[in-house]
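One letter stands for each residue in the lines below.
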Amino acid sequence: MLALVTGGSGRKALAADQAPGGSGRWVATWHASPTPGGTFNAQDCPSDVGLAGQTVRNIVRVSAGGGEVRARISNAGGSEPLKVGSASIALSTGGAATGAPQPLRFGGQTSIVIAAGGEAVSDPVPLKVQPLQTLAVSLYLPGKTGPATQHYFAAQDSFLASGDQTRAGAAKSFTRKISCWMFLSGVDVKAAPNVVGTLITLGDSITDGYLSTKNTNRRYPDVLAQRLASRKGPTLAVTNAGIIGNELLTVRPQLQFGYPVPARLARDVLTQPGARAVILLAGINDIGDRSARAADLIPVYRQIIQSARAAGLKIYGGTLVPFAGSTGTYKGDYGTARGEQERQKLNTWIRTSGAFDGVIDFDKAVRDPSNPSRLLPAYDADHLHPNDAGYQAMANAVDLDAILGEIVKGSAP
């Protein structure tokens, strides 16, 4: 459910996004918010030590399609320059296998050195990509990378091989399966003119899709992408800027939980190609992990809203989902009476303040009507995170007609 309120401004398509002659625009079609190297399980994700003389094949599903693609390679979490020896992009045919890999170049060169904290955008590659199609982006790292910039929770298998296997379409060299995306932060497409921009979902593990079924794209932003891909007329790409464990106020000691939302807002939202709107769902970890008060979180929300509007984006507030029963697993104030009190205060402000361009009532969509402090049992994975059905219900609560109506109206000459 989305209630629109007045305030904010639309934005016309940026010249950098719009292709000459109205033939389409560059939009972010997939994103994984990068974090520094760190791991809970080095066998599943060796981002704590990084790679050396290896190729990582990142498997990703795009939201919108297009006739040209480019990749964004990240060293955001690195403290030293990163040498990428070669790179490619291809249509996935299942597992680590692909169609014919297309080499990626950077300013015409097959290799690049990326500054510590930086990102490189590849040259465009002609490749016809359909909405919801799966791609493989392969990167060869010839030297020791040190701790690897990553997105720790992928809910998707990717693969490692020894040596430079960026041109290999066969899967046989990719002998190691990993659970994280490494060094890849985004894929852009030059989309059809009816794709009016990108909707960015911003948040923590609930946006990241924690406990959704692996390799099935059942996160709530994935379901939004499916809904949008089936529409006729104006539509949007969707990207996921969620990070497990992420907070509004605090840098947590687990590096894979990333930097707080305000610290990563420009990189993960404001400068994304084609960005037009953002859904913000954050604060549950501040309350649960740090016993934060709603009164401390509201000013952070206001800062994020101000930054989004200054960049010409519409911003929608998502209410925090129920979490009673989760304290046994997550400790702190997750699901406690005090935590619930602060959750309710924050949700009341989100619903009634008029600070956002609209409100998406995720809480109402997934709560148990007979016990509103808890997730509906049919939607409950672990009393904090929804399951696949719960993520579906969250996505269904987003009024896409209202969001698109505001964006199209704001983009009109």
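Nothing here was measured: the structure is a model prediction, and the numbers come from that model.

Student: Before we move on, can you summarise helix 7 (residues 337-352) with the specific residues and values?
Tutor: Two residues of an α-helix separated by three or four positions point the same way, owing to the 3.6 residues in each turn. The end-to-end C-alpha separation of helix 7 is 22 Å, in line with the 22 Å expected for 16 residues at 1.5 Å each. Within the span of helix 7, buried status applies to Gly 339, Glu 340, Glu 342, Arg 343, Leu 346, Asn 347, Trp 349 and Ile 350. Where helix 7 is buried, its residues contact helix 4 (284-290), helix 5 (294-310), strand 21 (314-318), strand 22 (358-360), helix 8 (362-366) and strand 24 (371-375). At the C-terminal side of helix 7, Gly 354 shows a positive phi close to 75°.

Student: Explain the state of the cysteines residue by residue, including any values.
Tutor: Scanning the model with the defined rule gives one disulfide in all. The partner cysteine of Cys 45 in its disulfide is Cys 180, sulfur to sulfur 2.2 Å. Judged by the torsion about the S-S bond (95°), the Cys 45/Cys 180 disulfide is right-handed. Of this pair, Cys 45 sits in the loop between strand 2 (25-31) and strand 3 (54-61) while Cys 180 sits in the loop between strand 15 (176-178) and strand 16 (181-182), and the two are 135 residues apart along the sequence.

Student: Describe empty space enclosed by the protein, and please don't skip the residues or the numbers.
Tutor: Empty pockets left among the atoms are what a rolling probe the size of a water molecule brings to light. This structure, assessed with the given rule, holds three cavities of 30 Å³ or more. In this model, the largest cavity occupies a volume close to 220 Å³. Together, 22 residues line the largest cavity, and Trp 30, Arg 61, Arg 219, Asp 222 and Asn 240 are the ones closest to its centre. Those elements that provide at least two residues to the lining of the largest cavity are strand 2, strand 3, helix 2 (220-229) and strand 19 (235-242). No other element matches strand 19, which puts four residues into the lining of the largest cavity. Classifying every residue of the lining of the largest cavity by side-chain character gives nine nonpolar, nine polar and four charged.

Student: I'd love a proper account of the pairing of strand 11 (residues 125-129), names of residues and values included.
Tutor: Only one face of strand 11 is covered, namely the face carrying Val 125, Leu 127 and Val 129; the face carrying Pro 126 and Lys 128 is uncovered. Pairing analysis gives three bridges linking strand 4 (residues 66-74) to strand 11, with the strands arranged antiparallel. Within the sheet, the bridge partner assigned to Glu 68 lies in strand 11 and is Pro 126.

Student: Run through the environment of Ala 229, naming residues and quoting values.
Tutor: By the secondary structure assignment, Ala 229 is in helix 2. Leaving out residues up to four positions away in the same chain, Ala 229 has contacts with Pro 131 and Leu 132.

Student: An account of the confidence of the model for the protein chain is needed here, citing residue identities and associated values.
Tutor: Averaged over every residue, the pLDDT of the protein chain is 94; residues scoring 70 or more account for 94%. The secondary structure element of the protein chain with the lowest average pLDDT is strand 1 (residues 2-4), at 50, and the one with the highest is strand 12 (residues 134-141), at 99. Long-range and interchain partners of residues 4-16, a stretch whose pLDDT sits below 50, account for 42 contacts in this model, where long-range means more than four residues apart.

Student: So what about the packing of aromatic side chains? Which residues, and what values?
Tutor: One pass over the structure, following the stated rule, counts nine aromatic pairs. Here the aromatic cluster, defined as three or more aromatic residues joined through ring pairs, consists of Phe 40, Tyr 152 and Phe 257. The ring of Trp 26 has Arg 70 lying over it, and the distance from NZ or CZ to the ring centre is 4.1 Å.

Student: For the pattern of salt bridges, give the residues involved together with the corresponding values.
Tutor: Scanning the model with the defined rule gives 25 salt bridges in all. Arg 367 is the salt-bridge partner of Asp 363, the closest N and O atoms lying 3.1 Å from each other. Judged by its relative accessible area of 27%, Arg 367 falls in the partly exposed class.

Basis of the calculations
- Residues numbered from 1 in each chain as written.
- Predicted model: local features only at pLDDT ≥ 70, side-chain atom pairs only at ≥ 80, totals over all residues.
- Heavy atoms only, no water.
- Helix = DSSP H or I, 4+ residues; strand = E, 2+ residues; numbered from the N terminus.
- Expected span 1.5 Å × (residues − 1).
- Buried < 20%, exposed > 50% of the residue type's maximum accessible area, 1.4 Å probe, protein only.
- Contact = heavy atoms within 4.5 Å.
- Disulfide = S-S within 2.5 Å.
- 1 Å grid on protein atoms, 1.4 Å probe; cavity = no way out; pocket = protein on both sides within 12 Å on 5 of 7 lines; lining within 4 Å.
- Points joined across faces, edges and corners; volume = space filled by probe spheres on them.
- Nonpolar A, V, L, I, M, F, W, Y, C, P; charged D, E, K, R; others polar.
- Pairing = 2+ DSSP bridges.
- pLDDT = per-residue confidence, 0-100.
- Phe/Tyr/Trp six-rings, centres within 6.5 Å; stacked < 30°, edge-to-face > 60°.
- Lys NZ or Arg CZ within 6 Å of the ring centre and 35° of its normal.
- Salt bridge = Lys/Arg side-chain N within 4 Å of Asp/Glu carboxyl O.

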